[in-house]
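The lines below spell out each chain.
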Amino acid sequence: MKYETVIGLEVHIELATESKIFCSCSAKFGGEQNDHVCPACCGMPGMLPVVNKHVVDLGMAAGMMLNCHINRTTTFDKKSYYYPDLPCSYQTTQWFSPICVNGTLQIETSKGKKDIRIKQIHMEEDAGKLVHDDWTNTSLVDFNRTSVPLIEIVSQPDLSSAEEVVAYLERLRSLLRFAKVSECRMEQGSMRCDVNLSIRPEGSDKLGVRTEMKNMNSISAITRAIEYEVSRHIDALENGTEELVQETRRWDDIKGKSFAMRNKETAGDYRYFPDPNVMPIVIDDEWFDSVKNALPEFPEIKKAKYIELGLSEYDAGMLSESISLCECFEAAYEVCKSAKEVANWLISDCMNIVNKKQWTVDMLNLDGKSLGMLISLVMEGKVGRTNGKKILEAMFDDSSINPGEYAEQNGFIVSNDTSLIESVIKEVMAQDEKSVTDYKNGKEKALMALFGKCMRQLKGNCDPQLLQKLLIDCINKA
Amino acid sequence: MKLFTAETEVKTQKKVVLDDMILTKDLPTCAGSKMLDGYMSLFDAQVVTKLSEAQIGICGKANVGEFAIDLLGETSYYGACTNDGKLVSASAEIVKTGKADAAIVLDVNGAPRRAAAQSDLVYIKPTYGTVSRYGTIPAACSGETVGVISTTANQCKEILGIIAGHDDKDGTSHADTVCQKIKTSSEKITKIALISAFNVDSDTAAKIDNFKTVIEKSGVSCHTVEGEKLLCARVAWNILMSAELCNNVSRYDGIKYGHRASEYTTIGELYTNSRTEAFGDLLKTAILYGSDTLSTENYMKVYDKALRIRRVVAEYFDELFKEYDAVLLPGCSKSFYTEKDIETNKYISFEENACTAPASITGLPAVVAGGVQIVGKAFSDAGLLDLAEIYEKGGK
Ligand SMILES: [Zn+2]
């Protein structure tokens, strides 16, 4: 019999806010254990939750990127369960009235385009982390991550293969990074995925027994886990190797197998009820519009625009992968009006620096307007390209640098003083008579050696074409 | 008998006592529970900050029933307080004996109102959201309010004026312009509905009659209204209070602070043993009841219904306020309780709260004076205290 796979995803995404959802502690990744904590986020009595408005902004932005309906009145609820990493023994989440419902995400696979329906997006707080010390046989708890804001994006069971799941996750990541909702870094746990999977005979409209794999945090592991689960389910149905039960399973990527989690860890009644300490959040038109207007265009729209500006498919694709590159590109282009030049500077020079610093693209902190000014200076021949790169590096270290002023202060302005250039040329020719002779005897390369020496002496502050012309003139006259 | 769970010397002219549900940085805050015995908060409650700013000294912490859900403090880990065989509330007794000018309390289940009614003190439970709950130990957040017990209405007014106001740290706190409304009386109370649906003993009935006679002298008219609908507030409040309490005390798990059992092998045993050892019977009952009302099976049948009843009670008050300026009802059904009352009926505080539940569940302001309780429109706090003052002056 032929089977089809039915998959629904629950994706948890940590939001890119400065502070936590209900207190002012830092929500940044890292830090020493229990560095980012206060009485509120480690469960001490007496602190009351005050909703971080930026969390709602990002929740809305995520919903808008996924074509969701935004609930204009949204509430928070409490979900109770005991675990040492949950300091209040309840998690504040959205159960009765989530911020976004009914959206779609379009994916593209080898089989073409497909719309995946989004059931809902809700906001909630993250839990802490337990650290087990086998040496002393103790467990320690780190509350840095408690109350870091999350959204959970719940899809309908519209996915039918590992390939589609990967396409979904990649598209989701790209859109949410673009809208600056989250960095979506699976390796840091800022994007985690629960996979709900069942199989049924092809064409059947009855859903099979569903299993859930929790907290998957690498795309390749998800692919392996799905493939394993599908074959386990088929095996169970065809060969009766086991009886399928609805349960939560843990994927062990090293063993390449999934295991049923003990019932105790998963069963339980969460006893949801509205949090009386958080007033319903009402999103008025002004708030709604301010979020809507700040949203970026979709990456493919930007790409098409860049191609229209004359960029190659490749360059346009590169730039439109990251919202930071897009923003920088657009601001620089506004100033210098040469798409090609800006693309070159960004894709080669800037990315070189980013790589050297071991940053990710999204950490690019360059002011696009300043970049445009720098490119203009180089294009107008006022600053040499090599010196331009030096200025660029300085701009990475200090984003307040004005390239024009910086060039002047550091002697990077090109001089067109012919007599000065000629005196340098004469000096160089006197020092390197051999190259002069070689050039006169037809060795073209000798000219480059002389050119290089002159340029170095002039500290790069010379229009290369002018220098070459004067150099040839001087040699010919000599 | 332990009136104070912590005491300290103060040199200020005016001094107040805080009940032990209000967190202080310098004194332990234990909520009357073994679970929090010796607990030191890292921060002061907002009301504490405001009192200090106003140069009012805090002379100590008053013993309180475990998480303030009982009758008069009898479930405290530090023991019940009695006077002449009668149960008394520690905060009321401290004020009555002049050890403090006022007591600042967290009114969770009406204990301060019962205490004030029985010891002839004046008490105000202000409109919900006008005094910050930041730094109060959470029990039943949707209805609990910081209140003031004192000897005179004027004194209550003065202290309330200091502690009321908007606080960014409390998400349920009203805007400051709204909070300020409770400090000035806009309309005089002239017409009162006297609710007759509550059963009371003869002494309490006499207090109500006396109050009525006195205020009528100043031209306030009292009209008897049955007010049966207010009786259902009790059941609904018991559900909401237990559910929220169950959730709020779930943080005391023996992991981070508070009592931890010495014997356990698994994490489950750590939780169970710590909580079994440190929580008292009444609290345990409320936890179990609350947990049950929130279960998937009972949520719609019980919890959601309680939320609807809350609305019914609020709407009934609205209806009364169309015709009357305030509603008079008893603060409790008896003029005193003894330890025997509790021995005979362990859950007496879930029955005797019938008189206090209507104002708790709706967040309306309630003033106790002359042994009776007057519930007013939202933000009419100053008007209610004016009425208490009229009573104090014998209707003149
Ligand atoms: Zn915090």
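Given the structure is predicted, the values throughout are model-derived calculations rather than measurements.

Analysis parameters
Residues numbered from 1 in each chain as written. Chains lettered and ligands numbered in written order. Predicted model: local features only at pLDDT ≥ 70, side-chain atom pairs only at ≥ 80, totals over all residues. Heavy atoms only, no water. Helix = DSSP H or I, 4+ residues; strand = E, 2+ residues; numbered from the N terminus. Rg over C-alpha atoms; globule rule 2.2 N^0.38 Å. Buried < 20%, exposed > 50% of the residue type's maximum accessible area, 1.4 Å probe, protein only. Contact = heavy atoms within 4.5 Å. Areas by Shrake-Rupley, 256 points an atom, 1.4 Å probe, with all protein chains shown as cover. Lys, Arg positive; Asp, Glu negative; His and termini not counted. Charge placed at Lys NZ, Arg CZ, Asp CG, Glu CD. Polar contact = N/O pair within 3.5 Å; in protein donor to acceptor, adjacent residues only side chain to side chain. Domains from an automatic or database assignment. Phe/Tyr/Trp six-rings, centres within 6.5 Å; stacked < 30°, edge-to-face > 60°. Lys NZ or Arg CZ within 6 Å of the ring centre and 35° of its normal.

A. Region of interest: the overall build of chain B. Broken down by element type, chain B carries 13 helices and 13 strands. Radius of gyration (C-alpha) of chain B: 20 Å, near the 21 Å computed for a compact globule of 396 residues. The principal-axis extent of the C-alpha atoms belonging to chain B is close to 70 × 55 × 45 Å. Going through the 396 residues of chain B one by one, you find that 62% of them count as buried. When contacts within chain B are restricted to residue pairs at least 6 apart in sequence, those whose partners lie at least 24 apart make up 75%. Carbon and sulfur atoms form 49% of the exposed surface of chain B, whose accessible area is close to 14,500 Å². For chain B, the distance from the average site of its 43 positive side-chain charges to the average site of its 52 negative ones is 2 Å.

B. Region of the structure containing the side chain of Asp252(A). Residue and element names in this part refer to chain A. Of note, Asp252 is situated in strand S13 (residues 247-252). Assessed through its relative accessible area of 14%, Asp252 is described here as buried. Only 3.1 Å separates the side chain of Asp252 from the backbone nitrogen of Lys255, close enough to count as a polar contact. Those residues in contact with Asp252 that lie beyond four places of it in its chain are Lys257 and Phe259.

C. Here's a closer look at the domain arrangement of chain A. Domain annotation of chain A identifies domain 1 (3-282), domain 2 (296-409) and domain 3 (418-477). The C-alpha centroid of domain 3 of chain A is placed 33 Å from the C-alpha centroid of domain 2 of chain A.

D. Molecular detail of the environment of Val17(B). Residue and element names in this part refer to chain B. Along the chain, Val17 falls in strand S2 (residues 15-19). Of the residues examined, Val17 reaches a relative accessible area of 0% and is grouped as buried. Along the chain, Val17 and Ser132 lie 115 residues apart, while their C-alpha atoms are 17 Å from each other. Each residue touching Val17, except ones within four places of it in the same chain, is listed here: Phe4, Cys59, Gly60, Lys61, Ala62, Ile94, Ala100, Ala102, Ala103 and Ile104.

E. Spatial organisation of the packing of aromatic side chains. This model, assessed by the stated rule, comprises 20 aromatic pairs over all chains. When the ring of Phe67(B) is compared with that of Tyr252(B), the centres are 5.5 Å apart and the planes differ by 35 degrees; the resulting orientation is tilted. Pair noted here: Phe67(B) is in the loop between strand S3 (57-62) and strand S4 (81-83) and Tyr252(B) is in the loop between helix H7 (233-248) and helix H8 (267-278), with a separation of 185 residues, a long-range link. Each member of the pair, Phe67(B) as well as Tyr252(B), carries the same accessibility label: buried. Aromatic pair Tyr77(B) and Tyr78(B): ring centres 5.2 Å apart, planes at 70 degrees, arrangement edge-to-face. For Tyr78(B), a relative accessible area of 17% translates into the label buried. An aromatic cluster of three or more residues is present, and its members are Tyr81(A), Trp95(A), Tyr270(A) and Tyr272(A). Taking NZ or CZ as reference, Lys169(B) lies 4.9 Å from the ring centre of Tyr134(B), over its face. The ring centre of Phe379(B) lies 4.9 Å from the NZ or CZ of Lys181(B), which sits over that ring.

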